[in-house]
Amino acid sequence: MSNPGSTPPAPPPATVLMQLVVGRWVSQAISAAAELGLADAVHDGPLTADAIGRKIAAHGPSVHRLMRALASLGIFAEDGEGRFHQTPLSETLRSDVPGSVRGWARYAGSRPAVLAWTDLATSIRTGEPAFRRVHGKSLFEYLATAPADAAAFDQAMHAISSGEIPAILAAYDFSDAGLIVDVGGGDGTLLGAILTKHSAVRGLLYDLDHVVGRGRERLATRPEGARIDIKAGSFFDTVPSGGDTYLM
């Protein structure tokens, strides 16, 4: 008999490696949950998989399998009546919460991103980017021609910026930064947060044309937007001059 207080034996190395290999399946399941809006679906209370399926126009039995897989990881929880509840992890996949990672999860599992990762070994052999080889153009060239994927990428960058902002504002004093040029600044999330904290600072948001368009929409409704100029362009070609502080 084993000792109840003893430490269980470590799994064999092959088992550990197998778990690491199928980790991509876990990532894809999370991405699917983000794409389908499962966390938003159960925001108002627990639902069965069939009810969730009706709410998001998806196949109920398939939703059930996905929800159970996610619940085994602590992303959602299933009760004795077959209803699925929100958990702290699934809350972060909601689209309307501060610090949401839904955008990042959606992009990480998107078709263009996943296809590029499948050719990683060739990039290691050649030192060349996989995205261009797989899709025939660079990431940013591709996004300029694919509005839906570009929007998902922007949401992913917004999710990253939003999560980093508190640490950045705590670590660096921008009070005497003058004119801040945010190079590749996306929708202006970080730049806007800096200007909100420091009223004497001005900003210039610089990014690709299809990106800064969304920045204009976002900043137009915010008070700090009046102190931010917006310019379109690629930092692979040039960077605006005249700034006192540059963010990258």
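Look above for the structure.
All figures in this text were calculated on a predicted structure; none of them were measured in a lab. (Residues numbered from 1 in each chain as written. Predicted model: local features only at pLDDT ≥ 70, side-chain atom pairs only at ≥ 80, totals over all residues. Heavy atoms only, no water.)

> Describe the sheet that holds strand β6 (residues 228-232), and please don't skip the residues or the numbers.
Taken together, 4 strands build an open sheet; the order of strands is β6-β5-β4-β7 and the sheet is parallel. On the outer flanks of this sheet lie β6 and β7 (245-247), each paired with one strand and no other. Taken pair by pair, the neighbouring strands of this sheet meet at an average axis angle of 20°, ignoring direction. Bridge analysis of strand β4 (residues 179-183) against β7 gives 3 bridges, and the strand direction is parallel. Bridging across to β7, Ile180 finds its partner in Thr245. Across the sheet, helix α13 (residues 189-197) touches β4, β5 (202-207), β6 and β7, and the angle it forms with β5 is around 180°. The sheet strands contacting helix α14 (residues 209-219) are β5 and β6, and the helix crosses β6 at an angle near 160°. (Pairing = 2+ DSSP bridges. Helix = DSSP H or I, 4+ residues; strand = E, 2+ residues; numbered from the N terminus. Axes fitted to C-alpha atoms, helices over the stretch in contact; angles between N-to-C directions. Contact = heavy atoms within 4.5 Å.)

> How would you explain the packing of helix α12 (residues 147-171) against α14 if you had to name every residue and give the values?
Running from N to C, α12 and α14 point in directions that differ by 60°, and their axes come no closer than 11 Å. Here α12 lies oblique to α14, going by the angle between them. Of the two possible hands of crossing, α12 and α14 adopt the one that is right-handed. Listed contacts from α14 to Ala150, Ala151, Asp154 and His158 of α12 are His210, Val211, Arg214 and Arg218. Class assignment of the residues belonging to the contact of α12 with α14 gives a composition of 3 nonpolar, 2 polar and 3 charged. (Parallel < 35°, antiparallel > 145°, perpendicular 65-115°, else oblique. Left-handed = near helix turned anticlockwise from the far one by under 90°. Nonpolar A, V, L, I, M, F, W, Y, C, P; charged D, E, K, R; others polar.)

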